[in-house]
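# Secondary and tertiary structure notes
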Amino acid sequence: ALPLALANASAAVLADVLYVFGGESEGGPERSLYALDLKNPASGWQKRAELPGPARAYAALVAYRHGLYV
C-alpha cells in the first residue's frame, strides 16, 4: 500500500523501480512522487522530491531511456 491513499495517479517502471506520481488525495491534487524498488519491495515506498509544476491528477507518467516524463 502507498503511504497515502491516491486516486487517478499515474505509474511507470524504470530500472526495476515502480514510480507513482500525482493523483488525488483527500486534500486534493498531489505533486508527490513515490518509488518502490521491485527487487526489494520489503524496503517499502520511498517519497522522492516533488516534481516541478502544478499538482496533477489524470496525468500520464512515462519511463523512457533514463528518465521519467509527465
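First, a word on scope: everything that follows refers to the structure included in this document. (Residues numbered from 1 in each chain as written. Predicted model: local features only at pLDDT ≥ 70, side-chain atom pairs only at ≥ 80, totals over all residues. Heavy atoms only, no water.)

## Here we look at the overall build of the chain
Condition: Helix and strand assignments follow DSSP, with helices taken as H or I runs no shorter than four residues and strands as E runs no shorter than two, numbered in order from the N terminus. The globule rule used for comparison is 2.2 Å times the number of residues to the exponent 0.38, while the radius of gyration itself is calculated over C-alpha atoms. Three labels apply to residues, based on accessible area from a 1.4 Å probe with only protein chains included: buried if under 20% of the type maximum, exposed if over 50%, partly exposed otherwise in between. We call two residues in contact whenever any of their non-hydrogen atoms come within 4.5 Å of each other.
Helix and strand counts for the chain stand at 0 helices and 8 strands. Counting from the amino terminus, helix and strand elements in the chain follow one another as β-β-β-β-β-β-β-β. Taken against the 2.2 N^0.38 rule, which gives 11 Å for 70 residues, the C-alpha radius of gyration of the chain at 12 Å falls within 12% of a compact globule. With the C-alpha coordinates of the chain rotated into their principal frame, the extents come out at 30 × 25 × 20 Å. In the chain, buried positions account for 27% of the 70 residues. If you take every contact in the chain between residues at least 6 apart in sequence, the share linking residues at least 24 apart comes to 35%.

## What to know about the sheet that holds strand 5 (residues 33–37)
The criterion, for reference: When DSSP finds at least two bridges between two strands, those strands are taken to pair. To obtain an axis, a line is fitted to C-alpha atoms, over the contacting stretch when the element is a helix, and the angle between two such axes runs from 0 to 180 degrees between their N-to-C directions.
The sheet built from 4 strands is open, its strands ordered 1-2-5-6 with antiparallel pairing. Looking along the sheet, the strands with just one partner apiece sit at the ends: strand 1 (10–14) and strand 6 (46–48). The sheet shows a mean angle of 30 degrees between the axes of neighbouring strands, taken without regard to direction. Bridge analysis of strand 5 against strand 6 gives 3 bridges, and the strand direction is antiparallel. Across the sheet, A35 pairs through a bridge with Q46, a residue of strand 6.

## Describing the pattern of salt bridges
Any two side chains of opposite charge can pair, so long as their charged atoms come close to each other. The condition that has to hold: A carboxyl oxygen of Asp or Glu within 4 Å of a side-chain nitrogen of Lys or Arg is what we treat as a salt bridge.
Scanning all chains against the criterion turns up 2 salt bridges. In this structure, K39 engages D16 in a salt bridge whose closest nitrogen and oxygen atoms are separated by 3.3 Å. Taken together, the residues span a long stretch of sequence, with K39 in the loop between strand 5 and strand 6 and D16 in the loop between strand 1 and strand 2 (17–21) at a distance of 23 residues. Residues E50 and R31 are paired through a salt bridge, measuring 3.5 Å at the closest nitrogen-oxygen approach. Note that E50 is positioned in the loop between strand 6 and strand 7 (62–64) and R31 in the loop between strand 4 (28–29) and strand 5, a separation of 19 residues in sequence.

## Notes on the side chain of S10
Structurally, S10 can be placed in strand 1. Taking relative accessible area as the criterion, S10 reaches 7% and is therefore assigned buried. In this structure, S10 is in contact with Y19, V20, F21, A59, A60 and L61, ignoring residues within four places of it in sequence.

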